[in-house]
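Results of the structural survey
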Amino acid sequence: MNILKINSSVQQEASVTRKLVEEIITTISKGEVTIVDRDLSKGVSLLNEQMLTAFFSNLEDLKEEQLMLLEESNTYIQEIKEADVIVFGVPIYNFSVPGSVKAYFDLLARAGVTFKYTEQGPVGLMENKKVYVAMASGGVPFDSEVDFASKLIRQFLTFLGITDITFVPADQLMTNQEAALGRARKIIEETVGSV
Ligand SMILES: Cc1cc2nc3c(=O)[nH]c(=O)nc-3n(C[C@H](O)[C@H](O)[C@H](O)COP(=O)(O)O)c2cc1C
């Protein structure tokens, strides 16, 4: 089984999402597993005009330096393609996802590569993957009307064809940290552990 581990918290030791990501991986790691580690907090390039032009060009028409602009995006896409399971840690920052996660999404959405346009509308091309999303918030209740993070993550992954998504939220940590972690660990035990 190939696991893609994606973290995005800017915190290391103190991070709740990083802890939950490790607990999920431990729970699902039965038998032989390969883990690819992608830490978005180390930096993700922002989409720019040159990259966008390269995204929408035929590969044969691109010059060497334009092909190099595709490399970061190609690496992220390849990592997802090769993964059977993706374990994604995302804290809520300012009611949404960290900027690195949005930048990452902007490099993943490529017409003809990760999704295609059809007469019925866009169709995702990244199928047959299981995703666990470990989330954390200080005060925002998970899936509430002010939680723009989980909605964006669900919509974006579904757009790419990734529909089997399980959220593991440790939300409202500032209200009661023990209770929040308890709720998340119960989901890991009952949902993740039973797969
Ligand atoms: C820059 C920043 C912005 C945050 N914004 C919010 C927010 O809008 N709503 C909220 O409920 N918590 C917010 N928090 C709290 C985090 O979601 C919470 O501390 C969470 O545990 C961070 O994830 P981590 O422990 O994996 O680093 C914010 C924290 C940081 C550092």
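The structure this text deals with has already been given above.
Position numbers for residues start from 1 in each chain and track the written sequence from start to end. The model is predicted, so local features are restricted to residues of pLDDT at least 70 and side-chain atom pairs to those at 80 or more, both for listing and for counting; the totals for chains, interfaces and linings are taken over all residues. Side-chain figures throughout are based on the complete set of non-hydrogen atoms in the structure, without hydrogens or water.

1. Quick notes on the overall build of the chain
Each helix is a run of DSSP H or I of at least 4 residues and each strand a run of E of at least 2, with the numbering of both proceeding from the N terminus. Within the chain one finds 7 helices and 7 strands. Here the C-alpha atoms of the chain give a radius of gyration of 17 Å, agreeing with the 16 Å that 2.2 N^0.38 yields for 195 residues. Principal axes of the C-alpha set define a box for the chain whose edges measure 55 × 40 × 35 Å. With 195 residues in all, the chain has 44% of them scored as buried. Element-wise, carbon and sulfur atoms account for 52% of the exposed surface of the chain, whose accessible area totals about 10400 Å². Put simply, the radius of gyration uses C-alpha atoms, and a globule should come to 2.2 Å times the residue count raised to 0.38. Remark: exposure states derive from per-residue accessible area (1.4 Å probe, protein chains only) relative to the maximum for the residue type, with buried under 20%, exposed over 50%, and partly exposed in between. Residue exposure ignores everything except the shown protein chains as possible cover, and the areas themselves are Shrake-Rupley values with a 1.4 Å probe.

2. So, helix H1 (residues 16-28)
Residue count minus one, scaled by 1.5 Å, sets the expected span of a helix. Over its 13 residues, H1 runs 18 Å from end to end, which matches the ideal 18 Å to within 8%, given 1.5 Å per residue. Three or more residues of H1 are buried, namely Val16, Thr17, Arg18, Leu20, Val21, Ile24, Ile25 and Ile28. Only heavy atoms matter for contacts: two residues are in contact if any of them lie within 4.5 Å across the pair. If you follow the buried residues of H1, they end up packed against strand E1 (2-7), strand E2 (34-39), strand E3 (85-91), strand E6 (130-136), strand E7 (164-170) and helix H7 (177-192).

3. Things to note about the site of the ligand
Neighbouring the ligand are 16 residues; Ser9, Ser15, Thr17, Ile92 and Gly139 lie closest to it. At 2.8 Å, a backbone N or O of phenylalanine 95 approaches an oxygen atom of the ligand. In isolation the ligand offers 620 Å² of accessible surface; the protein chains occlude 73% of this area. If a single non-hydrogen atom of a residue is within 4 Å of a molecule or strand, that residue counts as near it. Pairs of N or O atoms within 3.5 Å make up the polar contacts considered here, provided that, within protein, one atom can donate a hydrogen while the other can accept it, and that residues adjacent in sequence are counted only when both atoms are side-chain atoms.

4. Observations regarding the environment of arginine 154
Of note, arginine 154 is situated in helix H6 (residues 148-159). Linking arginine 154 and valine 133, residues 21 residues apart in sequence, is a C-alpha distance of 9.5 Å. Here arginine 154 is in contact with Ile165 and Phe167, once residues within four sequence places are set aside.

5. Overview of empty space enclosed by the protein
Of the two site types, the cavity is a set of points on a 1 Å grid over the protein atoms alone where a 1.4 Å probe fits but cannot get out, and the pocket is an open set with protein on both sides within 12 Å along at least five of seven lines, each lined by residues with an atom within 4 Å of a point. Grid points are joined across faces, edges and corners, and a volume is the space filled by probe spheres set on the points. Taken as a whole and assessed by the stated rule, the structure comprises 1 cavity of 30 Å³ or more. Reported here for the largest cavity is a volume of approximately 50 Å³. Lining the largest cavity, in full, are Ile6, Ile80, Ile86, Phe88, Tyr104, Phe105, Leu108, Val131 and Leu157. For the lining of the largest cavity, the elements supplying multiple residues, two or more each, are E3 and helix H5 (99-108). Broken down by element, the residue count for the lining of the largest cavity peaks at 3 residues, all from H5. In terms of residue class, the lining of the largest cavity is made up of 9 nonpolar, no polar and no charged. Residue classes follow a fixed rule: Ala, Val, Leu, Ile, Met, Phe, Trp, Tyr, Cys and Pro count as nonpolar, while Asp, Glu, Lys and Arg count as charged, and any other residue, Gly among them, counts as polar.

6. Considering the sheet that holds E6
When DSSP finds at least two bridges between two strands, those strands are taken to pair. Spatial ordering of the open sheet is given by E2-E1-E3-E6-E7, a layout of 5 strands whose pairing is parallel. Lying at the two open borders of the sheet, with one neighbouring strand each, are E2 and E7. Direction aside, the axes of adjacent strands within the sheet are offset by 15° on average. The sheet contact formed by E6 and E7 spans 7 bridges and is parallel. If you follow alanine 134 over to E7, its bridge partner there is valine 168. Note on geometry: axes are lines fitted to C-alpha atoms, helical ones only across the stretch in contact, with angles between N-to-C directions running from 0 to 180 degrees. Seen against the sheet, H6 touches E3, E6 and E7 and runs at an angle of roughly 165° to E7.

7. Topic: unusual backbone geometry
In this model, phenylalanine 95 sits at a positive phi of 70°, which is unusual for a non-glycine residue. Note that phenylalanine 95 resides in the loop between E3 and H5. Note on phenylalanine 95: relative accessible area 46%, which makes it partly exposed. Of note in the backbone geometry, glutamine 172 takes a positive phi value of approximately 55° without being a glycine.

Honestly, that's just the spatial picture; any functional story needs more than this.
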